[in-house]
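What follows is each chain in one-letter form.
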Amino acid sequence: MNTPRILVTGANGQIGRVLTAKLRELYGNNNVLATDITKHDLDSEPFEFLDILNHQRTLEIIDDYKINQIYHLAAILSANGEWNPVKTWNINLNGLLSVLEICREKNIDRMFFPSTIAVFGNTTPRLDTPQDVPLLPTTVYGMSKTSGELWCNYYHKRYGVDVRSVRYPGIIGWQSLPAGGTTDYAVEIYHAALKEGHYECFLNADTRLPMMYMDDAIKATINIMQADPQEIKVRYGYNLSAMSFTPAEIAAEIKKHIPGFTISYKPDFRQDIAATWTESIDDSKAREDWKWSPDFDLNSMTIDMFKHLKEIIL
Ligand code: SER
């Protein structure tokens, strides 16, 4: 394989910021181009503004920077997506189609597409959700990711595009904040615990969802992209699992570090979204095919979150 010359779209997002830094550490700053519609003051170069719906500009960037791998992260998340369904569909699905077309036309070596537990719905088994299950998502975000998975599978089968994808659970990290997801509470709660000693949660106490620490999410992404093509047997989204917990359980874990911490519950529309997702995931296919295994559980994640957040916040 050629030396990776990587394009990251949505590089300013929750995962994009951390993934871009990791890719630069692995492959060198100049081999990893960060793009987004906004720029963060602290972002290092190279960076280009890119609206993912601008196909022509994306093509120019691919040529100018001699890109041969794409991590296509740009998307609107589940809760924010509900405020503007048509715009969300356009960015999430048509943005993906533009990138898939470019992969085909330009013979891009490898592409990564993040899918999500939001592809699941009320017809999906809720416990140890298997890889291949009925998908009937209720959010436009989930609809766009479900259809996106099918398009990835299609481009692989029809045109041989080497696209790889995982279904991320809720991602929790100290480095960045999520924007408009249903699992955001699990990041906000750590910040609130340190700053206010209290958190008002927008989900019910007993809403169990699959979650993952950022380090594991980055590890999974790099591992699947580094795997040999013949190891990748699923060309839509691989199920991926690390831990599952409820707001009450994460609050109890936080109390071990901050004994005075309190939580109250004021569920909003995000509770209805969470109620359609599953509680735990069977990721044996990813473990089997490209040797995936997570390092962090709720206990070790909480220790690491506080270690880093205390340096930043206190
Ligand atoms: N974390 C995402 C969300 O809540 C799920 O992929 O929207």
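For the structure itself, consult the block above.
For clarity, every value in this text was computed on a predicted model and none was experimentally measured.

Topic: the sheet that holds strand 7 (residues 170-172)
Stage number 1. Reading across from one edge, 7-9-11 is the order of the three strands in this open sheet, with mixed pairing throughout. Only two strands of the sheet have a single partner each, and these edge strands are strand 7 and strand 11 (243-245). Put simply, the sheet's adjacent strands are angled 45 degrees from each other on average, direction ignored.
Stage number 2. As defined by bridge partners, strand 7 adjoins strand 9 (residues 209-213) across three bridges and the pair is classed as parallel. Along strand 9, the bridge assignment pairs I171 with M212.
Stage number 3. Each of strand 7, strand 9 and strand 11 touches helix 6 (residues 185-195); the most contacted strand, strand 7, lies at about 25 degrees to it.
Stage number 4. Contacts between helix 11 (residues 298-313) and the sheet are confined to strand 7, strand 9 and strand 11, with strand 11 contributing the most and set at about 85 degrees to the helix.

Brief notes about the state of the cysteines
Two cysteines, two sulfur atoms, one covalent bond between them: this is a disulfide.
Stage number 1. Enumeration according to the criterion identifies zero disulfides in this entry.
Stage number 2. Not engaged in a disulfide, the cysteine C103 finds its nearest cysteine sulfur in C152; these two sulfurs lie 9.0 Å apart.

Comments concerning the pattern of salt bridges
Side-chain pairing between opposite charges can occur once the charged atoms of the two side chains come close.
Stage number 1. This model, assessed by the stated rule, comprises 19 salt bridges.
Stage number 2. Notably, a salt bridge pairs E45 with K39, separated by 3.3 Å at the nearest N-O pair.
Stage number 3. For E48, the salt bridge goes to R57, with nearest N and O atoms at 3.1 Å.
Stage number 4. Here the salt bridges share partners, and the residues they tie into one network are R110, D162, R164 and R235.

Considerations on the site of the ligand
Stage number 1. Around the ligand sit L77, S78, T116, Y141, G181, T182, T183 and W277, and those are all the residues in its vicinity.
Stage number 2. A distance of 2.5 Å separates an oxygen atom of the ligand from a polar atom in the side chain of S78.
Stage number 3. Here an oxygen atom of the ligand and a backbone polar atom of T182 are 2.6 Å apart.
Stage number 4. Contact with the protein chains removes 93% of the 230 Å² of surface that the ligand exposes when unbound.
Stage number 5. For the ligand, the cavity whose grid points lie within 2 Å of the majority of its atoms is the largest pocket.
Stage number 6. Of the residues assigned to the shell around the ligand, the class counts are three nonpolar, five polar and no charged.

What counts and what doesn't
Residues numbered from 1 in each chain as written. Predicted model: local features only at pLDDT ≥ 70, side-chain atom pairs only at ≥ 80, totals over all residues. Heavy atoms only, no water. Pairing = 2+ DSSP bridges. Helix = DSSP H or I, 4+ residues; strand = E, 2+ residues; numbered from the N terminus. Axes fitted to C-alpha atoms, helices over the stretch in contact; angles between N-to-C directions. Contact = heavy atoms within 4.5 Å. Disulfide = S-S within 2.5 Å. Salt bridge = Lys/Arg side-chain N within 4 Å of Asp/Glu carboxyl O. Near = heavy atom within 4 Å. Polar contact = N/O pair within 3.5 Å; in protein donor to acceptor, adjacent residues only side chain to side chain. Areas by Shrake-Rupley, 256 points an atom, 1.4 Å probe, with all protein chains shown as cover. 1 Å grid on protein atoms, 1.4 Å probe; cavity = no way out; pocket = protein on both sides within 12 Å on 5 of 7 lines; lining within 4 Å. Sits in = over half its atoms within 2 Å of the grid points. Nonpolar A, V, L, I, M, F, W, Y, C, P; charged D, E, K, R; others polar.

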